[in-house]
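Here is what each chain is made of, one letter per residue.
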Amino acid sequence: MKTIMNNFKYLVVGVLFGVVFVKSEVISWFRIQEMFRLQSFHMYGIIGSAVIVGMISVWLIKKFNIKTIYGEKIELHPKTFNKGQIYGSLIFGFGWAITGACPGPLFAQIGTGATVIVVTLLSAIAGTWVYGLLRERLPH
Amino acid sequence: MLEILKQPWPWYIAGPLIGLTVPALLILGNKSFGISSSLRHICAACLPANIPFFKYDWKKEAWNLFFVLGILLGGTITMHFLSNPEPVVVNPKLVSELAGYGITNFNNLVPEDIMNWSALLTVKGLLVMVLGGFLVGFGTRYAGGCTSGHAIMGLSNLQWPSLVATICFMIGGFLMANLILPQILSL
């Protein structure tokens with residue numbers, strides 16, 4: 001029960017985020033095909049402006065030492081480079097262009113009633129599991 | 001007002017709102033925006049199978065599962081209250097290319113002509129829905145993040161490995177969409 005209360009706010013953020021996802025057609029397979037054929041600015045505008053707003057936000061948080069609502073210091077985690085960011089990213093790019101969805105949109109598409117996408121999501125979970133299984137043997 | 005909200009939202013409204021998820025999650029509880037991790041937590045919760053990569057306390061990361069459940073509900077709420085009855089408007093060049101593969105239904109977010117339950121057991125359906133999903137899950141975890149974790153959160157925090165990842169996402173997508181996917185869709 002405590003877990004649910006503590007995490008409810010993230011569910012609310014997720015709902016708002018999901019609404020934006022659907023209304024902006026970010027989760028449309030057709031929009032992703034357009035993006036990868038350079039036939040529309042729409043997706044580039046969305047990702048680009050999201051990154052700019054995110055950058056300004058992170059800069060402001062650091063500059064003014066903004067705290068969480070619980071008064072904790074905000075921690076940002078640096079990413080360390082490994083070759084997975086090349087090989088894995090290329091593989092994800094292949095999957096993104098086929099399914100027209102990254103992981104977030106899969107959840108939103110299911111929510112809109114595209115029930116068959118449950119299969120795609122289960123397959124993505126299986127892909128994650130197989131990565132975990134083979135991790136030690138893959139180049140990183 | 002409701003009529004305006006039902007129209008597709010332009011990029012300059014949607015993009016900044018998506019960007020605001022970064023500070024919202026940080027300020028609400030020090031959470032770094034990222035969605036693909038939820039798939040790992042689901043593995044850790046349901047089928048850890050003694051694999052070291054899945055042996056951690058996923059319950060501490062439960063917020064991420066609430067977040068993705070919210071995204072799913074957001075999709076449902078939008079369809080019920082804010083849905084736009086018109087088909088998606090895309091570049092006419094794409095419309096004519098897709099017509100060549102028999103994709104003519106633009107009414108939904110997914111192309112129903114190729115993504116539906118009865119297509120699932122065809123070669124094309126298996127490649128698009130099952131193999132495609134597998135590559136998304138395998139690739140994002142191998143890359144250590146997806147569009148949200150690398151392209152938005154990582155770039156917001158000026159992490160160069162995330163820039164490498166984002167460029168590689170795009171290269172993979174361009175190769176697939178222009179060279180390989182047309183072959184699959186022609187099956």
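Per-chain numbering applies: the sequence of each chain, read as written, is numbered from 1 onward. Chain A is the first chain written and ligand 1 is the first ligand written, with later ones labelled in order. Totals for whole chains, interfaces and linings use every residue, but because this is a predicted model, local features are given only for residues with pLDDT of at least 70 and side-chain atom pairs only at 80 or more, for both listing and counting. The side-chain values count all of the structure's non-hydrogen atoms but skip hydrogen atoms and water molecules.

In this text, helices come from DSSP runs of H or I with a minimum length of four residues, and strands from runs of E with a minimum of two, each type numbered from the N-terminal end. In terms of helices and strands, chain A carries 6 helices and 0 strands. Listed by position from the N terminus, the elements making up chain A come as α-α-α-α-α-α. Taken along the three principal axes of its C-alpha coordinates, chain A extends 45 × 40 × 40 Å. Long-range pairs, those at least 24 residues apart, make up 40% of the contacts in chain A between residues at least 6 apart in sequence. The contact criterion used is simple: two residues touch if any of their non-hydrogen atoms lie within 4.5 Å.

A few words now on the overall build of chain B. Tallying secondary structure elements over chain B gives 9 helices and 0 strands in all. C-alpha extents for chain B along the principal axes are approximately 50 × 45 × 35 Å. In this scheme, a residue with accessible area under 20% of its type's maximum is buried, one over 50% is exposed, and one in between is partly exposed, where area comes from a 1.4 Å probe on protein chains only. With 187 residues in all, chain B has 51% of them scored as buried. If you take every contact in chain B between residues at least 6 apart in sequence, the share linking residues at least 24 apart comes to 50%. Of the accessible surface of chain B, which amounts to about 8,300 Å², a share of 69% is contributed by carbon and sulfur atoms. By the counting scheme adopted, Arg and Lys are positive, Glu and Asp are negative, and His together with the chain ends is not counted. The atom standing in for a charge is NZ when the residue is Lys, CZ when it is Arg, CG when it is Asp and CD when it is Glu. Averaging the positions of the 9 positive and the 7 negative side-chain charges in chain B gives two centres separated by 16 Å. Only the protein chains shown count as cover for residues, and the accessible areas themselves come from Shrake-Rupley with a 1.4 Å probe.

Tracing the backbone through its elements, the reader meets Leu121(B) in the loop between α6 (92–99) and α7 (123–143). C-alpha of Leu121(B) to C-alpha of Leu69(B): the two residues are 52 residues apart in sequence and 28 Å apart in space.

Attention shifts here to the packing of helix α5 (residues 103–111) of chain A against helix α5 (residues 62–81) of chain B. Taken N-terminus to C-terminus, the directions of α5(A) and α5(B) make an angle of 40°; their axes are 6 Å apart at the nearest point. Overall, the two elements α5(A) and α5(B) adopt an arrangement that is oblique. Judged by the twist between their axes, the crossing of α5(A) over α5(B) is right-handed. Along the contact surface, α5(A) presents Gly104(A), Phe107(A), Ala108(A), Ile110(A) and Gly111(A), while α5(B) presents Val68(B), Ile71(B), Leu72(B), Gly75(B) and Thr76(B). Think of it as three bins: nonpolar holds Ala, Val, Leu, Ile, Met, Phe, Trp, Tyr, Cys and Pro, charged holds Asp, Glu, Lys and Arg, and polar takes everything else, Gly as well. Of the residues assigned to the contact of α5(A) with α5(B), the class counts are 6 nonpolar, 4 polar and no charged. Only the contacting stretch of a helix is used when fitting its axis, a line to C-alpha atoms as for every element, and angles between N-to-C directions run 0 to 180 degrees. Just so you know how the angles are binned, under 35 degrees is roughly parallel, over 145 roughly antiparallel, 65 to 115 roughly perpendicular, and the rest oblique. For any helix crossing, the convention is left-handed if the near helix is rotated counterclockwise from the far helix by under a right angle, and right-handed if that rotation is clockwise.

Residues and elements named next belong to chain A. In the Ramachandran plot, Glu25 falls in the positive-phi region, its phi being about 65° despite a non-glycine side chain. Along the chain, Glu25 falls in the loop between α1 (2–23) and α2 (29–36). Look at Asn65: it is not a glycine, yet its phi comes out positive at around 50°. Structurally, the position occupied by Asn65 is in the loop between α3 (42–63) and α4 (84–99).

Turning our eyes to something else, we now look at the nonpolar core. Among buried residues, the Ala, Val, Leu, Ile, Met, Phe, Trp, Tyr and Cys ones that are joined through side-chain atoms within 4.5 Å form a nonpolar core. Core analysis: the biggest nonpolar cluster contains 96 residues, and Trp29(A), Trp96(A), Ile18(B), Phe33(B), Phe67(B), Leu98(B) and Met115(B) have the highest contact counts within it. Two domains share this core, each providing at least three of its residues, namely domain 1 (1–86) and domain 2 (90–187) of chain B. Those residues within four positions of Ile18(B) in sequence are excluded, and the remaining contacts are Phe17(A), Val20(A), Phe21(A), Val26(A), Ile46(A), Ala50(A) and Ile152(B). For each domain, the first and last residues come from an automatic or database assignment.

Attention now goes to the side chain of Thr78(B). Counting through the fold element by element, Thr78(B) comes out in helix α5. Setting aside anything within four residues of it in sequence, one finds Thr78(B) in contact with Gly18(A), Val19(A), Val22(A), Lys23(A) and Ser83(B).

This part covers the interface of chain A and chain B. The partner chain B presents 125 residues to the 111 residues of chain A that form the contact. Values labelled buried area give the accessible surface lost by two parts on being combined, using a 1.4 Å probe and summing over both. Looking only at chain A, the three residues that lose the most surface to chain B are Tyr10(A), Lys23(A) and Phe30(A), adding up to 8% of its buried area. Should a side-chain nitrogen of Lys or Arg be within 4 Å of a carboxyl oxygen of Asp or Glu, the pair is scored as a salt bridge. On inspection of chain A and its partner chain B, the count reaches 1 salt bridge. Among the salt bridges present, the one from Glu97(B) reaches Arg37(A), with a minimum N-O distance of 2.8 Å.

Bringing the packing of aromatic side chains into the picture now. Two rings belonging to Phe, Tyr or Trp (six-membered ring only in the last case) form a pair when the distance between their centres is within 6.5 Å. Interplanar angles under 30 degrees mark stacking, angles over 60 mark edge-to-face geometry, and anything in between is tilted. Within the structure shown, the criterion is met by 22 aromatic pairs over all chains. Among the aromatic residues, ring-to-ring pairing joins Tyr87(A), Tyr131(A), Phe53(B), Phe54(B), Phe134(B), Phe138(B) and Tyr142(B) into one connected group. Against the face of Phe53(B) rests Arg40(B), its NZ or CZ located 3.8 Å from the ring centre. Consider the ring centre and the ring normal. A charge sits over the ring if Lys NZ or Arg CZ is within 6 Å of that centre and within 35 degrees of that normal.

This part takes up the pattern of salt bridges. One pass over the structure, following the stated rule, counts 3 salt bridges over all chains. Taken together, the salt bridges that share partners define one network made up of Glu25(A), Arg31(A) and Glu34(A).

Once that is clear, we can look at the domain arrangement of chain B. Residue and element names in this part refer to chain B. For chain B, the domain assignment lists domain 1 (1–86) and domain 2 (90–187). Tallying the contact residues gives 12 residues for domain 1 and 10 residues for domain 2. Here domain 1 packs against domain 2, burying approximately 910 Å² in sum over the two surfaces, 70% of which is carbon and sulfur. It is Val22, Phe33 and Ser36 that lose the most area in domain 1 upon contact with domain 2, and together they represent 47% of the buried surface on that side.

All right, on to a nonpolar patch on the surface then. Without a salt bridge and with relative accessible area above 30%, a residue can belong to a patch; like charges are then joined within 9 Å and nonpolar side chains (Val, Leu, Ile, Met, Phe, Trp, Tyr) within 5 Å. Taken together, Ile52(A), Met55(A), Ile56(A), Trp59(A), Leu60(A), Phe64(A), Ile66(A) and Leu158(B) make up a surface patch of nonpolar side chains, about 790 Å² in accessible area. Within the secondary structure, Met55(A) is located in helix α3.

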